[in-house]
Amino acid sequence: MTDEWLDPAEVLVLQPLEDSPLPLRELRLSDETTLRELAGLLAPGLISLEARGLVEVRRFRHWPAQWDDGVPLTGDDLARECGRPEAWSDEPGETVFAAHITRAGHRLL
């Protein structure tokens with residue numbers, strides 16, 4: 001991966017998305033990482049990658065789902081949602097957040 005212009009949080013998010021789309025819960029670093037730690041570590045990278053057009057993030061009612069069925073999350077909405085530890089949970093809930101690498105993001109792999 002060419003990561004010359006990616007910060008460490010962006011690299012941690014982008015690398016597993018090669019086989020995307022993936023729910024955020026599948027970006028989990030290890031079982032020892034708490035959801036709060038995970039949100040603190042990965043949310044800034046996810047927000048930055050989305051702002052730069054390297055990933056897309058969408059909200060779904062269930063997973064798996066068709067990518068086009070999700071509601072796109074950007075800007076402040078993305079920051080608010082992915083900053084919450086629950087967004088990274090593997091517990092079944094009402095909402096699932098998933099990320100998908102864009103064509104521009106694939107150029108970095």
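Residues numbered from 1 in each chain as written. Predicted model: local features only at pLDDT ≥ 70, side-chain atom pairs only at ≥ 80, totals over all residues. Heavy atoms only, no water.

Strands sit in the order 1-4-2-3 across an open sheet of four strands; the sheet is antiparallel. Every other strand in the sheet has two partners, leaving strand 1 (22-23) and strand 3 (71-73) as the edge strands with one partner each. Helix 2 (residues 35-51) contacts strand 2 (55-60), strand 3 and strand 4 (96-101) of the sheet and is inclined by roughly 110° relative to strand 2. Against the sheet, helix 3 (residues 75-82) touches strand 2, strand 3 and strand 4, its axis set at about 90° to strand 3. (Pairing = 2+ DSSP bridges. Helix = DSSP H or I, 4+ residues; strand = E, 2+ residues; numbered from the N terminus. Contact = heavy atoms within 4.5 Å. Axes fitted to C-alpha atoms, helices over the stretch in contact; angles between N-to-C directions.)

Time to look at the pattern of salt bridges. Enumeration according to the criterion identifies seven salt bridges in this entry. For the salt bridge of Arg 52 with Glu 10, the shortest nitrogen-to-oxygen distance reads 2.6 Å. Taken together, the residues span a long stretch of sequence, with Arg 52 in the loop between helix 2 and strand 2 and Glu 10 in helix 1 (residues 8-14) at a distance of 42 residues. We classify Glu 10 as buried; its relative accessible area is 2%. The residue Asp 68 makes a salt bridge to Arg 58 at a minimum N-O spacing of 3.9 Å. Of the two residues, Asp 68 sits in the loop between strand 2 and strand 3 while Arg 58 sits in strand 2, which places them ten residues apart along the sequence. Because the salt bridges share partners, they merge into one network encompassing Arg 59, Glu 81, Arg 84 and Glu 86. (Salt bridge = Lys/Arg side-chain N within 4 Å of Asp/Glu carboxyl O. Buried < 20%, exposed > 50% of the residue type's maximum accessible area, 1.4 Å probe, protein only.)

Right, let's talk about the nonpolar core for a bit. Leu 17, Leu 24, Leu 27, Leu 46 and Trp 88 are the most contacted members of the largest nonpolar core, which totals 26 residues. Counting only elements with at least two residues in this core, the list comes to helix 1, helix 2, strand 2, helix 3 and strand 4. Counting residues per element, this core draws most heavily on helix 2, at six residues. Not counting chain neighbours up to four residues away, the residues in contact with Leu 17 comprise Leu 22, Leu 27, Val 55, Ala 99 and Ile 101. (Core = buried A, V, L, I, M, F, W, Y, C linked by side-chain atoms within 4.5 Å.)

Looking now at helix 3. In an α-helix, one turn spans 3.6 residues; hence positions three or four apart end up facing the same way. Those residues of helix 3 that sit buried are Leu 78, Glu 81 and Cys 82. Here the buried residues of helix 3 occupy an arc of 85° about the axis, which is enough to place them on one side. (Arc of directions from axis to C-beta.)

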